[in-house]
Amino acid sequence: MSSDILIVEDSLTQALRLKMILEREGLTVSWVPNGRVAVELATEKPPRAVIIDVNLPELDGFKVCQALRTHPATAEAALILLTVRDHAQDTLTGLDAGATAYIPKDDYAEANLLQALRDLAILDPEPVEASWG
Amino acid sequence: MAVSRKRFELANTYDIVQTRQYARQMARELGFGLSDQARIATAISEVIQQIIGHGSGGEAFFATLSDGPRQGLECICTGGAALAQLLDAASSRLPGGISRLVDEFVLEHGDGEEMAVVMRKWLA
């Protein structure tokens, strides 16, 4: 059976933390630490969303994104890049590769990730209050 | 027409994260999609990194824009004189330049050595 979410992250601590947060939201979560394996697994059992680090062994996150976006089984999946790489070139490369969202790993990463999953209707929405007014 | 909403002082690296997050939230609440939220937040973050990296400090001002039925987001970042050179290099580094992330990217000269970067993104 497919999971709701596939995490592609080579840091064990970050992967486990993310998995715990998402499972707490009621999602089923799989995790792989390797880009090539992620593409094999996701195209075989497509998840609703793939959360992808950029710096990965064998196949980097941009290439994972491109491979999944161009594969018929995962062409419509939400692809979320979650990375420490926050420069303009990185964001453009990620979005050009087909990423649905590009989220930097900063203090707000988890909140932004959950918000993106709500906006994608993978999580139920929360009432929104304007915070910038 | 621009309506001012928020001002941030830019002095240290934590200000990059705070201002970037504000930009992302404001973009979302204006109705920008996830990819445009990333484009806006990254452009503003990169400009602020240049300002703080140069050591001059500065400010960021956010505003909502309206032009008939069109709505948009504006961020004006100010910094010292060397900002022009730094940003010129950054903005021309195609295809990964900051200017590709927003609809309008303009450098303005203020009084004395102060420089400003005006970034605007419009809802499609």
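Here the residue index of a chain counts from 1 through its sequence in written order. Ligands are numbered from 1 and chains lettered from A, in the order in which they are written. Local features in this predicted model are restricted to residues of pLDDT 70 or higher, and side-chain atom pairs are both shown and tallied only at a pLDDT of 80 or more, whereas totals for entire chains, interfaces and linings draw on every residue.

Novice: Lay out the overall build of chain B with the relevant residues and their values.
Specialist: In this text, helices come from DSSP runs of H or I with a minimum length of four residues, and strands from runs of E with a minimum of two, each type numbered from the N-terminal end. Secondary structure summary: chain B contains three helices and five strands in total. Secondary structure elements of chain B occur, N-terminal to C-terminal, as β-α-α-β-β-α-β-β. Throughout, a residue-residue contact means that the two C-beta atoms, derived from backbone geometry, are no farther apart than 7 Å. The long-range fraction of contacts in chain B, counting pairs at least 24 apart against all pairs at least 6 apart in sequence, stands at 64%.

Novice: Run through the confidence of the model for chain B, naming residues and quoting values.
Specialist: In predicted models, pLDDT denotes the confidence assigned by the predictor to each residue on a 0 to 100 scale. Mean pLDDT over chain B stands at 87; residues scoring 70 or higher make up 88%. By mean pLDDT, helix H3 (residues 83-91) of chain B is the weakest element of chain B at 64, and helix H1 (residues 13-30) of chain B is the strongest at 96.

Novice: Can you break down the nonpolar core residue by residue, with the values?
Specialist: Residues Val-8, Val-50, Ile-51, Ile-52 and Ile-80 of chain A are the most contacted members of the largest nonpolar core, which totals 70 residues. The element contributing the most residues to this core is helix H2 (residues 34-54) of chain B, with nine residues. Contact partners of Ile-52 of chain A, with chain neighbours within four places excluded, come to Val-8, Gly-61, Val-64, Cys-65, Leu-79, Ile-80, Leu-81 and Leu-82 of chain A. Here a nonpolar core is just a set of buried residues of the types Ala, Val, Leu, Ile, Met, Phe, Trp, Tyr and Cys, joined wherever their C-beta atoms sit within 7 Å. In this scheme every C-beta is placed from the backbone, and a residue whose C-beta has 20 or more other C-beta atoms within 10 Å is buried, one with 12 or fewer is exposed, and one in between is partly exposed.

Novice: Would you mind going over the interface of chain A and chain B in detail, with residue names and values included?
Specialist: Contact residues are listed per partner, giving 20 residues for chain A and 23 residues for chain B. Elements supplying a minimum of two residues to the side of chain A that touches chain B: helix H4 (88-96), strand S5 (101-104) and helix H5 (109-119) of chain A. Looking at the side of chain A that touches chain B element by element, the count peaks at five residues for H4 of chain A.

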